[in-house]
Amino acid sequence: MKLYLKFDINAVCRKVLQEQLESLNLNYSILGFGEVEINNDPNADTIKALYQQLNEYGVSVVESHKSVLVQKIKDAIVEMVYSDEKLSNAKTSAYLADKIGQSYGYISNLFSDVTYTSIANFIILQKVERAKQLILTNELTITEIAWKLNYSSVAHFSNQFKSATGLTPSAFQRIIDKRKNAHLNKKGINL
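Residues numbered from 1 in each chain as written. Predicted model: local features only at pLDDT ≥ 70, side-chain atom pairs only at ≥ 80, totals over all residues. Heavy atoms only, no water.

Caption draft 1: View of the overall build of the protein. Scanning the protein for helices and strands turns up 9 helices and 2 strands. Counting from the amino terminus, the protein carries its helices and strands in the arrangement α-β-β-α-α-α-α-α-α-α-α. Each of the three principal axes of the protein carries a C-alpha extent, and together these read 60 × 45 × 25 Å. Taken across its 191 residues, the protein has 29% of its residues classed as buried. Look at the contacts in the protein between residues 6 or more apart in sequence, and 51% of them connect residues 24 or more apart. (Helix = DSSP H or I, 4+ residues; strand = E, 2+ residues; numbered from the N terminus. Buried < 20%, exposed > 50% of the residue type's maximum accessible area, 1.4 Å probe, protein only. Contact = heavy atoms within 4.5 Å.)

Caption draft 2: Representation of helix α8 (residues 154-165). Between its first and last C-alpha atoms α8 spans 16 Å; for 12 residues at 1.5 Å apiece the expected length is 16 Å, and the two agree. Gly 166 sits one or two residues past α8 and shows a positive phi near 85°. (Expected span 1.5 Å × (residues − 1).)

Caption draft 3: Representation of the pattern of salt bridges within the structure. Across all of its chains, the model carries 2 salt bridges by this definition. Two residues, Lys 132 and Glu 129, come together in a salt bridge whose shortest N-O distance is 3.0 Å. Here Lys 132 pairs with Glu 129, and both are found in helix α6 (residues 119-137), just 3 residues apart, close to one helical turn. On the accessibility criterion, Lys 132 (22% relative accessible area) is partly exposed. The class for Glu 129 is partly exposed, based on a relative accessible area of 38%. (Salt bridge = Lys/Arg side-chain N within 4 Å of Asp/Glu carboxyl O.)

Caption draft 4: Region of the structure containing the nonpolar core. Residues Ile 73, Ile 77, Ile 119, Ile 145, Leu 149, Phe 157 and Phe 161 are the most contacted members of the largest nonpolar core, which totals 30 residues. Broken down by secondary-structure element, the contributors of at least two residues to this core are α3 (65-81), α4 (92-100), α5 (104-115), α6, α7 (142-148), α8 and α9 (169-186). A per-element tally of this core places α3 first, with 8 residues. For Ile 73, the residues in contact, after removing those within four places along its chain, are Leu 96, Ile 100, Ile 107, Phe 111 and Ile 119. Listed in part, the 6 residues of the second largest apolar core include Leu 21, Leu 26, Tyr 28 and Leu 54. (Core = buried A, V, L, I, M, F, W, Y, C linked by side-chain atoms within 4.5 Å.)

Caption draft 5: Structural view of unusual backbone geometry. One non-glycine residue, Tyr 116, lies in the positive phi region at around 65°. Mapped onto the fold, Tyr 116 is located in the loop between α5 and α6. The residue Asn 138 is not glycine, and still its phi comes out positive at about 60°. Note on placement: Asn 138 falls in the loop between α6 and α7. Judged by its relative accessible area of 44%, Asn 138 is partly exposed.

Caption draft 6: Broad picture of α6. Under the 1.5 Å per step criterion, the end-to-end length of α6 is 27 Å for 19 residues, consistent within 8% with the ideal 27 Å. Listed in full, the buried residues belonging to α6 are Ile 119, Phe 122, Ile 123, Gln 126, Lys 127, Val 128, Arg 130, Ala 131, Gln 133, Leu 134 and Ile 135. One or two residues past the end of α6 sits Asn 138, with phi positive at roughly 60°.

Caption draft 7: Main features of a nonpolar patch on the surface. A cluster of nonpolar residues, Leu 3, Leu 5, Phe 7 and Val 12, forms a patch on the protein surface that exposes about 410 Å² of accessible area. Inspection of the secondary structure puts Leu 3 in the segment before α1 (9-23). Its relative accessible area of 58% is what places Leu 3 among the exposed residues. (Patch = residues over 30% accessible without salt bridge, like charges linked within 9 Å, V, L, I, M, F, W, Y side chains within 5 Å. Areas by Shrake-Rupley, 256 points an atom, 1.4 Å probe, with all protein chains shown as cover.)

Take a look at the structure:
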């Protein structure tokens, strides 16, 4: 049986963090997406256990200053793109500079130096991943998805989607629909 899931990435991450921190009896505060403050003073074995438990979920603790800043930039972008509301018309550069507390020039250069890609490319990839998720849920039209992700036009959205995936959004949607229908037909459910 194949299931198609819709999920809130922020809620999933928050739940994993809560479960793992509570399993080790840690007193904590979740400060924001990807940022946790441990309020008590755990011993080295507890910290090691936490790192191992989080690693099982693909979560790693970032330790260098540059890596912390880059992770904060990524988290801010993911939070922005995966928000349930339409992306803001505010400039991304101003949003990130305000969110990170550093000049956009500095964070842009740092991001490129550490990740070997630009913030703009990372945003495009996140928007495409979000668009795929929205297409899978089949709740919004391609036009509504383009609007929600703050594209200037459906054509601009389609071009970026195709550049990243090799398919237009509508071709991607048709493939998903065919797979869903084929799967349902195998189960004896005709639409």
